[in-house]
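Residue-level listing of the chains:
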Amino acid sequence: MHIFLTIDWFVIIEKAILISVIIGVSLLVAMYETYAERKVAAVIQDRHGPNRAGPFGIFQPLADGLKLFMKEEIVPNLSNKFLFILGPGVAMLTAMMTSAVVPWSGNIHAFGRDIPLQIADVNIGILYIFGVVSMGVYGVMIGGWASNNKFSLLAAIRGASQIISYELAMGLTLIAVLMLTGSLSLRTIVEQQLDNTYYVAYQPLGFLIFLVCAFAECNRTPFDLSEAESELNFGYHQEYSSMKLGFYLFAEYVNMFISSAVMATIFWGGYDIPFLNDVNFGLHHGQNLLAALEAICLFLKICIFVFFFMWVRWTVPRFRYDQLMNLGWKTLIPLAILNMLVTGFVVLYHHIGHF
Amino acid sequence: MQALTSKAKQVERKPMTFWEKLYIPAIAKGMYITFGHIFKKKPTISYPEQTRPFSPVFRGVQVLNRDEEGRERCTACGLCAVACPAEAITMEAAERLPGEENLYREEKYAVKYEINMLRCIFCGLCEEACPKDAVYLSETMVPSNYNRKTFIYGKQELLIPNPLTDPEAFAKAKGNRPEKNS
């Protein structure tokens, strides 16, 4: 009884609503990312793309989803059944969990309270993202191993080693950013960029490395070696069918959405509206309108990144495995260390004024 | 080894220059090209809504023609069946009874007229052989089907709609083919 009295029920309700909205939005966005991917592929290849289901084919993702649900669910005889079903679940779970620390907009003012549009403003936000993203390897690894298929296992190992290698460079670039921000909380990082220069201006090389690593983490095309359809028969999800396959494909698109959000947040000012003094605007037109505009602004930034992901996918061919590893270990990591050292020197110089 | 032609080109295998090793310029160039393709005109034709015009000499599925008064022209002479290299045409003749003058133009008519569309090679020789302009090849194609029997077209499928009772369907079946002078 005592515990129930001390809990702030408003916080729980507000977080529950926020979580369901964000999960719903990320799933919806992932759905329409599949549609957008096919459309972008089509226009880049001088085709029309899906245009039969509804006007401009906008019901195509629904039709695809229905198809995936209707398909026969096959579990291979000699697979490890528990892990086989766990694999796609883990992939989906880790993809959805990352969105917890991303600040989607400024505070909204309702029911006499300031409600932050962020599920959890933990002060180790970036570390949390890293922890969850690296758990994404398990989805690939478990799926590939449980399939009891050599190709799937090979693909899973390739995917895991790729993700681990690129995570190093990603972490090193973030260290450089953290030296500038002095905080690991994503909300603080965004607030520092509000009406200020974005961190991409201070860290162009860091952003580039982070972008390349994000491609590798999402298993997107120049680095989609773990699902190489020409070499490994679709890699780790070869044995999957029906919605379990759908979960793997869906997790990739959710990952893409979330990593776009993270990139926009860390390097491109998050929910800051460019060319506009957000605080002044909020004072004149009300906080809620500002929050709505900021959320739309962040969403637009994410859309631009997602388009970029797709644009690269239909331009750049897949890397060979040795090229991938050379790029990761011999180019990106030294560059990231260099970036880190230079940033460290500059920050120190500003701090003490002289050497 | 002696090259057979002068067209053989030695493949260059020199190591990449620094500029090439950067990858980024080459990728940027490629992405510029693919971005340009977004605004290119698409050559696709959305088929059921849009159709490509046929050539004036296109030979599609046969049509049994009627004259201006809606009477069947065919007299079941059998010249088309003789001319047919694929032996796709069969027919049965019958005599016109009194009172059927508004249905058949001549005293003799085809009571059964069948073309096997699986045998037909759409050469157009039946059209050339016909002395009465009764059979000609239209601009439509044979639709696909799961059942072989449905490809044996009888009079029901072949006969053109009556121009007096259903002029629209007649015009549609007739198509834009230029009239033959004979």
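Residues numbered from 1 in each chain as written. Chains lettered and ligands numbered in written order. Predicted model: local features only at pLDDT ≥ 70, side-chain atom pairs only at ≥ 80, totals over all residues.

Caption draft 1: Seen up close, the environment of Y253(A). All names here are of chain A. Here Y253 is to be found in helix α11 (residues 242-267). The spacing of Y253 and C218 is 35 residues in sequence and 8.3 Å in space, taken between C-alpha atoms. Leaving out residues up to four positions away in the same chain, Y253 has contacts with A30, E33 and T34. (Helix = DSSP H or I, 4+ residues; strand = E, 2+ residues; numbered from the N terminus. Contact = placed C-beta atoms within 7 Å.)

Caption draft 2: Looking closely at the nonpolar core. Grouped together as the largest cluster of nonpolar side chains are 84 residues, with contacts concentrated most on A91(A), A169(A), C213(A), A251(A), V254(A) and F257(A). Top contributing element to this core by residue count: α11(A), with 15 residues. (Core = buried A, V, L, I, M, F, W, Y, C linked by C-beta atoms within 7 Å. Buried ≥ 20, exposed ≤ 12 C-beta atoms within 10 Å, placed from the backbone.)

Caption draft 3: Examining the environment of G125(A) more closely. Residues and elements named next belong to chain A. Tracing the chain through its elements places G125 in helix α5 (residues 125-146). Between the C-alpha atoms of G125 and T98, which are 27 residues apart in sequence, the distance is 9.6 Å. With residues up to four places along the chain from it excluded, the contact list for G125 reads V101, L184, S185 and L186.

Caption draft 4: Broad picture of the interface of chain A and chain B. Every contact between the two is made by 10 residues of chain A and, on the other side, 11 residues of chain B. Of all the secondary structure elements, the ones that give two or more residues to the side of chain A that touches chain B are α2 (9-44) and α13 (287-313) of chain A. Residue composition of the side of chain A that touches chain B, grouped by class: six nonpolar, two polar and two charged. (Nonpolar A, V, L, I, M, F, W, Y, C, P; charged D, E, K, R; others polar.)

Caption draft 5: Local environment of the sheet that holds strand β3 (residues 108-116) of chain B. All names here are of chain B. The strand order across the open sheet formed by three strands is β2-β3-β5, and the pairing between neighbours is antiparallel. The open sheet terminates on both sides in strands that have one partner only, identified here as β2 (89-95) and β5 (152-153). The sheet contact formed by β2 and β3 spans seven bridges and is antiparallel. Bridge pairing in β3 links T90 to E114. (Pairing = 2+ DSSP bridges.)

Caption draft 6: Structural context of the confidence of the model for chain A. Mean pLDDT over chain A stands at 84; residues scoring 70 or higher make up 95%. Mean pLDDT across the elements of chain A ranges from a minimum in helix α1 (residues 2-6) of chain A, with 62, to a maximum in helix α9 (residues 204-217) of chain A, with 89. (pLDDT = per-residue confidence, 0-100.)

Caption draft 7: Local environment of unusual backbone geometry. All names here are of chain B. One non-glycine residue, E87, lies in the positive phi region at around 55°. Within the secondary structure layout, E87 lies in the loop between α3 (79-83) and β2. Of note, D133 is a non-glycine position whose phi angle comes to about 55°, a positive value. Take D133: it is sitting in the loop between α4 (125-129) and β4 (135-137). With 15 C-beta atoms packed within 10 Å, D133 lands in the partly exposed category.

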